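This is what each chain is made of:
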Amino acid sequence: MQINTVEVIVEIAQAHEGSLGILHSYIDAVAETGADVIKFQTHIAEAESSIFEPFRVKFSYEDATRYDYWERMEFSEEQWAGIKEHCERVGLEFMSSPFSQAAVDLLERLQVKRYKIASGELSNFLMLEKIARTGKPIILSSGMGSYAEIERTLNFLKPFGNELSLMQCTTAYPTRPDQIGLNVITEMQEKYGLRVGLSDHSGTIFPSLAAVTLGAELVEVHAVFHKKMFGPDTVASLTPEEIKELVRGVRFISESRSCTIDKSQNQQYAELKKIFEKSLAINKALPAGHVLTVEDLESKKPANHGLPATDYKSVIGKRLKKNLEKYAFLTAEDIEV
């Protein structure tokens, strides 16, 4: 039996708030959830941003500009190497989304296995070509992209021959139920014939479980130690305990989808059917010669102790050959032909 395992990706993003110690704490916490991949974002402020970049959400008490925020989220190459080593030591694949050419160079020196592309980078063909030329698998988030924009990016990447996957994603933090777009998962599968998943920002486990039921092969959620922590994504994230439950649900549903049941066969229930199915009986004491009506009948367990309950219409209007006690089973020998 081949079980199609769904990959669970846990996004830390900037939940570490620039603290190397907190980041390493997340690695240990995610390892305990049973997830497959832990994903970060590799930001190099001077390469990707400028002082003109506006805040998506003005949440920070300590960063005057978005550029300052990205600077605070940076780690050195040596620190990234230690992060990757820690992930692999606890059984997690290290993944990080780049946001600049320089970040791709850094991740290549770290020898990442594959790339996850944020939806804001779908049009960054300069960076995408650099990644495509590595030959490594690429997972594309569709968040802010229309079908036309997604197809433009896919058409750009396909000649390079990389393994491509798509993630349905809604750029809203948190994402409301009416914004999830579960319909897009099957639409993408039919349109593109690629592995398709869901990158979810709802702050609940429900969309990912629904997506797996629909055939998603990857799910991604954000992680946070507590939903009241500082940061722009905390309300759209899951706690380690919620992620653990999500992983349990994903594994259960994935196995269920991989194991088909032949509903035309039920031989395995032969003995149980003898216990639970019913035989016809009467619901009151009746004399010989009584003409049976439906009001006289009851059905009682087990099967094969009287006429089957399915045949109740066949006895209506028939005459009893003998006296029967209340709740006696009704057999063919009790009835005049």
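Residues numbered from 1 in each chain as written. Predicted model: local features only at pLDDT ≥ 70, side-chain atom pairs only at ≥ 80, totals over all residues. Heavy atoms only, no water.

By the naming in an unreviewed UniProt entry, the protein goes by N-acetylneuraminate synthase and is assigned to Adhaeribacter soli.

With parallel pairing, the 8 strands of this open sheet are ordered in space as β3-β2-β1-β8-β7-β6-β5-β4. Edge strands, defined here as strands with exactly one partner in the open sheet, are β3 (93-98) and β4 (115-117). Each neighbouring strand pair of the sheet contributes to a mean axis angle of 25 degrees, computed without reference to strand direction. The pairing of strand β5 (residues 138-141) with strand β6 (residues 164-169) spans 4 bridges and is parallel. Of the residues in β6, the one forming a bridge with Ile138 is Leu164. Its contacts with the sheet put helix α5 (residues 101-109) on β2 (37-42), β3 and β4, and the angle it makes with β3 is roughly 165 degrees. (Pairing = 2+ DSSP bridges. Helix = DSSP H or I, 4+ residues; strand = E, 2+ residues; numbered from the N terminus. Axes fitted to C-alpha atoms, helices over the stretch in contact; angles between N-to-C directions. Contact = heavy atoms within 4.5 Å.)

This next bit is on the domain arrangement of the protein. Partitioning the protein into structural domains gives domain 1 (7-258) and domain 2 (267-334). Each of domain 1 and domain 2 has a C-alpha centre, and these two points are 64 Å apart. (Domains from an automatic or database assignment.)

Ranked by size, the top nonpolar core spans 62 residues in total, and within it Ile12, Phe40, Ile83, Phe94 and Leu166 carry the most contacts. Ranked by residue count, the leading element in this core is helix α10 (residues 240-258), at 5 residues. Every residue in contact with Ile12, bar those within four places of it in the chain, is listed here: Tyr26, Val30, Ile38, Lys39, Phe40 and Ala223. Formed by 11 residues, the second largest nonpolar core is a distinct cluster that contains Leu280, Leu286, Leu297 and Leu307. (Core = buried A, V, L, I, M, F, W, Y, C linked by side-chain atoms within 4.5 Å. Buried < 20%, exposed > 50% of the residue type's maximum accessible area, 1.4 Å probe, protein only.)

Under the counting rule described, the total for this entry stands at 22 salt bridges. Arg195 is the partner of Glu217 in a salt bridge, and the nearest nitrogen-oxygen pair spans 3.8 Å. Residue Glu217 is found in the loop between α9 (206-213) and β8 (218-222), and its partner Arg195 is found in strand β7 (residues 195-200); the two are separated by 22 residues along the sequence. Since its relative accessible area comes to 34%, Glu217 is described here as partly exposed. Ionic pairing is found between Glu271 and Lys274, a salt bridge with its closest N-O pair at 3.2 Å. (Salt bridge = Lys/Arg side-chain N within 4 Å of Asp/Glu carboxyl O.)

Once that is clear, we can look at the packing of helix α7 (residues 147-157) against helix α8 (residues 183-192). Contact geometry of α7 with α8 gives a least axis separation of 13 Å together with a crossing angle of 40 degrees. Judged on the interaxial angle alone, α8 and α7 are oblique. Here α7 runs over α8; the crossing is right-handed. Residues Tyr147, Ile150, Glu151 and Leu154 of α7 form the contact with α8, whose own contacting residues are Val184, Glu187, Met188, Lys191 and Tyr192. (Parallel < 35°, antiparallel > 145°, perpendicular 65-115°, else oblique. Left-handed = near helix turned anticlockwise from the far one by under 90°.)

Here we come to the packing of aromatic side chains. Summed over the entire model, instances satisfying the criterion amount to 9 aromatic pairs. With centroids separated by 4.0 Å and ring planes inclined at 15 degrees, the aromatic side chains of Tyr26 and Phe225 adopt a geometry described as stacked. One end of the pair, Tyr26, is in helix α1 (residues 20-31); the other, Phe225, is in the loop between β8 and α10, and 199 residues separate them in sequence. Tyr26 gets classed as buried once you look at its relative accessible area, which sits at 1%. The rings of Phe40, Phe75, Trp80 and Phe94 are connected pair by pair, giving a single aromatic cluster. Positioned above the aromatic ring of Tyr147 is the side chain of Lys191, whose terminal nitrogen or guanidinium carbon lies 4.5 Å from the ring centre. Over the face of the ring belonging to Phe329 we find Lys300, whose NZ or CZ atom lies 5.2 Å from the ring centre. (Phe/Tyr/Trp six-rings, centres within 6.5 Å; stacked < 30°, edge-to-face > 60°. Lys NZ or Arg CZ within 6 Å of the ring centre and 35° of its normal.)

Tracing the backbone shows Ser142 in the loop between β5 and α7. Separated by 76 residues in the primary sequence, Ser142 and Arg66 have C-alpha atoms spaced 23 Å apart. In this view, Ser142 contacts Ser119, Leu122, Ile150, Met167, Gln168, Cys169 and Met188; residues no more than four positions away in its chain are not counted. Here Cys169 takes part through its backbone nitrogen, which lies 3.5 Å from a polar atom of the side chain of Ser142. (Polar contact = N/O pair within 3.5 Å; in protein donor to acceptor, adjacent residues only side chain to side chain.)

Let's shift gears to the side chain of His16. By the element assignment, His16 lies in the loop between β1 (7-11) and α1. Separated by 2.8 Å, the side chain of His16 and the backbone nitrogen of Gly18 make a polar contact. Apart from the residues lying within four places of it in its own chain, the contact partners of His16 are Ile22, Leu23, Tyr26, Met73 and Phe75.

On to unusual backbone geometry. Cis geometry marks the peptide bond from Tyr173 to Pro174; its omega dihedral reads 0 degrees. Residue Pro302 is reached from Lys301 by a cis peptide bond, and omega for that bond is 5 degrees. Along the chain, Pro302 falls in the segment after β10 (297-300). A positive phi angle, near 50 degrees, is found at Ala13, a position not held by glycine. When you line up the elements, Ala13 lands in the loop between β1 and α1. Residues other than glycine seldom take positive phi values, yet Tyr327 does so here, at roughly 70 degrees. When you line up the elements, Tyr327 lands in the segment after β10. On the basis of relative accessibility, which here comes to 38%, the residue Tyr327 falls in the partly exposed class.

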